[in-house]
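Below are the chains, spelled out letter by letter.
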Amino acid sequence: MKNNFIILIIFLSISYSFSSCNTIKYVPENENLLVKNTIIVNTKKNVDNEITGYIVQRPNQLVLGIPFPLYFYNIGNKNFETDFEKWKLNKPNWYQFTAGIFSEKQAKGIRNFKYKTHQWYLNNGEAPILLDSKKTAQTIESLTQHYLNEGYFNVKVSSETQKLKNKKIAVNYIVKTDKPYTLNSITTTIKSKILDSIYTIHKNESFIKKDNQWKLSSFISEQNRLTSLFRNSGVYRFNKNAITFDVDSSNYKSDIDLIINDSIGNVPFKIQKIKNINIYTDFSYNTKDNPIKDSLNYNGYLFLAHEKLKYNPKLFLNSIFIEPNSIYKDKTRELTRKSLRSLKNFRSVDIKYTELENDFLEASIYLTALKKYSIGFNTELTHSNIRQLGISGKLSFLNRNIFKGSEILKFSVQGSFLDSKDAADNESLLNAWEIGGDISLELPRFLLPIKGEIISKRKSPKTTFTLGTSLQKNIGLDKQKFTGIIDYTWESSITKKHSFQLLNTQFIQNLNVSSYFNIYNSEFIEIQNIATTYFNETLNTTNVIDFINANINSNFEATNPVEFKIAQNIKNRYNIITENVLIPSLSYTYTYNNSENYKDIDFSFFRARIVSSGNLTTLLATNRDKNNIKTLFKTPIAQYIRTDLEYKKFWNVSLENVLAFRSFLGIAIPYGNSSTIPFSRSYFIGGPNDLRAWKIYDLGPGLTQSGLEFNVGNLKFISSLEYRFKIINSIKGALFIDAGNIWDISNSELTTSKARFNGVNSLKDIAIGSGLGIRYDLSFILLRLDLGFKTYEPYLPEGNKWFSNYNFTKTVYNFGISYPF
């Protein structure tokens, strides 16, 4: 309660300091600070963000209802230089006293420092928005035009101002729309028989239909539709300027006549075919006039090179969609351009058409190649839930077109210094390191043992082979990993992507098993307590398992069932974490993302992934270990199935204010050869990108409070809601709520009832955290600090679950790079 009271006092103090700021400090006499705009449409207040977007002049930005940028601006002194000179004249003794204590140079330095400080406030804050009658008139004009475009031809827009106290003013925009006009008769005047026949076939797809409301956007959409239709039906010369609409409106009805010209510049529109296709594989502007030294005609495609042809024509044509003797289509032109760029073999791709005799076309594809060999070195700052901070470097070697089919061979070595929680010395910064190398081969097609086109080349099929290894030091038990992947990817549309990993095999070997109880010290303390209390023994970190095997038996269970289960759990976790494991999996991933570009802040994202491990390998394997587990190369084979579902949604609430939602559900079920999920494939919760009110691994499973360093489960749910807003310039803020937990759904006798998922009843085990964050956007990287407060702790006794530890002493400080989701 004391900490909560302190939080309240701090909050009230900040609120008071903001409220005491004079918002009209720099509002001149006879001017007014604009504080509110309201649009009233037919006596009702508008709530449509699109309509609000037509307002030209907006009030100062609000941060959680407070004009923080304006307050920040008002801290600065615009008249500092003038005020300073007045101070020198009015109080010469003080100035001389200051100059006496400091030198004249130092006094000027102090003055310059204060001047720059005030300028910093002024430059980073937001000046007061003063009502501008010209901008009000522009808003009226914009609103009027908008409603005219929506078919309200009798619309009337006016404004009225409402003066408030202290030089503040609000503006109301009054919109009276009257009834909208609707489309009545729709006729066509198409002189070209070719265009008319194409139009007639696709007439039902029209955006302008009888009885629809008159909307300018419908006419623009129809113009674009017809332009695309004709240009993808072979009419190469067609452009949208050939389309006009004659509109006759009266009595809230509009008669439409669609007019399409039959020629451009007196040259009639015709369906044109492609006769020749030339592919310049080594084009350069500097050598474009040099003679062609090598050429090859393959299936109607003429390959040309100023030096030697370096591409296999058969394989290269997988990226060409323009075909000889086919009609011209914009789609095939753009598809070819996109496909060639995706090869990552060319610096530029240019496709031009030339008209020949008898209305034939010649397509020329000019390709400027990248260097065949390239070496790259890059460094980056990394961050994840487990590895709080990392500095990595990567050296890579690239060989393009290695087999003359636009393939890319890449070899890279990388190293990292990490700040890892699971290091033995987890108090030091950059307490661990990792080195590794991998080699990959990317082919712009599917490589399969069977012939035939399984996935259309229009869907950008790719095959990637990867072999890699890595070695960790001072990270957990110092794992060494060997990885082999065969990945097939394709795109069924702009928004839908698929990945099928026919093989994703990972061999994990622990190199530092003897340090287990040094790293997981809480487990050692628990077993030491049992040894001291019941056996009067003192253990060291190397004989813990021997002690459990010798003493924790059925006789001990009969008298001490709780301690027996604790000891067996410790042994079980030891076996899981220290076990070397082979994970031969195959997986399928479906991704939907309708984001238009990386700047888009209003989109949806969904990903579903299913993984199956060990089925074929255990079927073929014949060797078993002493526990009757099938092995390959003396290593147990992991057999499980895992499914992950993730959904994210982002809403652009207002200018630079975003509401973000994320939900994740994952389940992993061991079976057959495995009774548990490999530690590296289990779920955990907590950390900067997860449930931010708990540290990584600190929560769960279920209602348990084990106090162990690493808590994992095989069922996970988490959901987050975050409101992101701009504070000033590159400084942004966030308010968030996270909810989630992990559970155990195995049938292990060692799993307690509190850790198990028991259907709907277990939903009450979901923990809730809330908090606030501050982010600094450097454009190329975003630095983040999130403060997480434990809001609902399901493992606490009834009556204490809500807000018991909602204070700064229990706050979890999360440093992150980029957004959490």
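Residues numbered from 1 in each chain as written. Predicted model: local features only at pLDDT ≥ 70, side-chain atom pairs only at ≥ 80, totals over all residues. Heavy atoms only, no water.

Caption draft 1: Here's a closer look at the nonpolar core. Core analysis: the biggest nonpolar cluster contains 28 residues, and Phe-517, Ile-527 and Ile-552 have the highest contact counts within it. At the level of elements, helix 12 (516–519), helix 13 (521–535), helix 14 (544–551) and helix 16 (561–578) are the ones that each hand at least two residues to this core. Considering every element that reaches this core, the biggest residue donor is helix 16, with 6 residues. Beyond its immediate chain neighbours, meaning those up to four positions away, Ile-527 contacts Leu-539, Val-544, Phe-547, Ile-548, Ala-567 and Ile-570. If you look at the next biggest cluster of nonpolar residues, it comprises 24 residues, including Phe-303, Ile-320, Tyr-353 and Leu-361. (Core = buried A, V, L, I, M, F, W, Y, C linked by side-chain atoms within 4.5 Å. Buried < 20%, exposed > 50% of the residue type's maximum accessible area, 1.4 Å probe, protein only. Helix = DSSP H or I, 4+ residues; strand = E, 2+ residues; numbered from the N terminus. Contact = heavy atoms within 4.5 Å.)

Caption draft 2: Fine view of the environment of Phe-547. Of note, Phe-547 is situated in helix 14. Placed 16 residues apart in sequence, Phe-547 and Ala-531 show a C-alpha to C-alpha distance of 8.3 Å. Excluding anything up to four places from it in sequence, Phe-547 contacts Ile-527, Ala-531, Phe-535, Glu-537, Leu-539 and Ile-552.

Caption draft 3: Broad picture of helix 3 (residues 68–75). Buried residues dominate helix 3, accounting for 7 of its 8 residues. Within helix 3 the residues assigned to the buried category are Phe-68, Pro-69, Leu-70, Tyr-71, Phe-72, Tyr-73 and Asn-74.

Caption draft 4: Representation of the packing of aromatic side chains within the structure. Under the definition given, this model contains 47 aromatic pairs. Taking the centre distance of 5.3 Å and the plane angle of 75 degrees together, the rings of Phe-803 and Tyr-806 count as edge-to-face. Through a chain of ring-to-ring contacts, three or more aromatic side chains come together here, namely Phe-153, Tyr-181, Trp-214, Phe-219, Phe-245 and Tyr-252. Here the basic side chain of Lys-716 rests over the ring of Phe-684, its NZ or CZ set 5.5 Å away from the ring centre. Over the ring of Phe-821 we find Arg-724, and its NZ or CZ is 5.1 Å from the ring centre. (Phe/Tyr/Trp six-rings, centres within 6.5 Å; stacked < 30°, edge-to-face > 60°. Lys NZ or Arg CZ within 6 Å of the ring centre and 35° of its normal.)

Caption draft 5: Representation of the confidence of the model for the chain within the structure. In this model, the chain carries an average pLDDT of 89, and 92% of its residues clear a pLDDT of 70 or more. Here residues 16–20 is a poorly scored stretch, pLDDT under 50, and it has 4 contacts once near neighbours within four places are set aside; other chains count. (pLDDT = per-residue confidence, 0-100.)

Caption draft 6: Layout of the packing of helix 13 against helix 14. Following both chains from N to C, one finds helix 13 and helix 14 inclined at 45 degrees, their axes separated by 11 Å at the closest point. When the axis of helix 13 is compared with that of helix 14, the two are oblique. In the crossing of helix 13 with helix 14, the sense of the turn from one axis to the other is left-handed. The segment helix 13 lies against helix 14, with Phe-524, Ile-527, Ala-531 and Phe-535 engaging Val-544, Phe-547, Ile-548 and Asn-551. Residue composition of the contact of helix 13 with helix 14, by class: 7 nonpolar, 1 polar and no charged. (Axes fitted to C-alpha atoms, helices over the stretch in contact; angles between N-to-C directions. Parallel < 35°, antiparallel > 145°, perpendicular 65-115°, else oblique. Left-handed = near helix turned anticlockwise from the far one by under 90°. Nonpolar A, V, L, I, M, F, W, Y, C, P; charged D, E, K, R; others polar.)

Caption draft 7: Quick look at the layout of surface pockets. As a volume, the second largest pocket reaches approximately 1,200 Å³. Together, 43 residues line the second largest pocket, and Arg-58, Pro-59, Asn-60, Leu-62 and Ser-654 are the ones closest to its centre. Mapped by element, the contributors of at least two residues to the lining of the second largest pocket are strand 1 (33–41), helix 2 (49–52), helix 3, strand 26 (640–654) and strand 28 (715–728). Class assignment for the residues of the lining of the second largest pocket results in 18 nonpolar, 17 polar and 8 charged. (1 Å grid on protein atoms, 1.4 Å probe; cavity = no way out; pocket = protein on both sides within 12 Å on 5 of 7 lines; lining within 4 Å. Points joined across faces, edges and corners; volume = space filled by probe spheres on them.)

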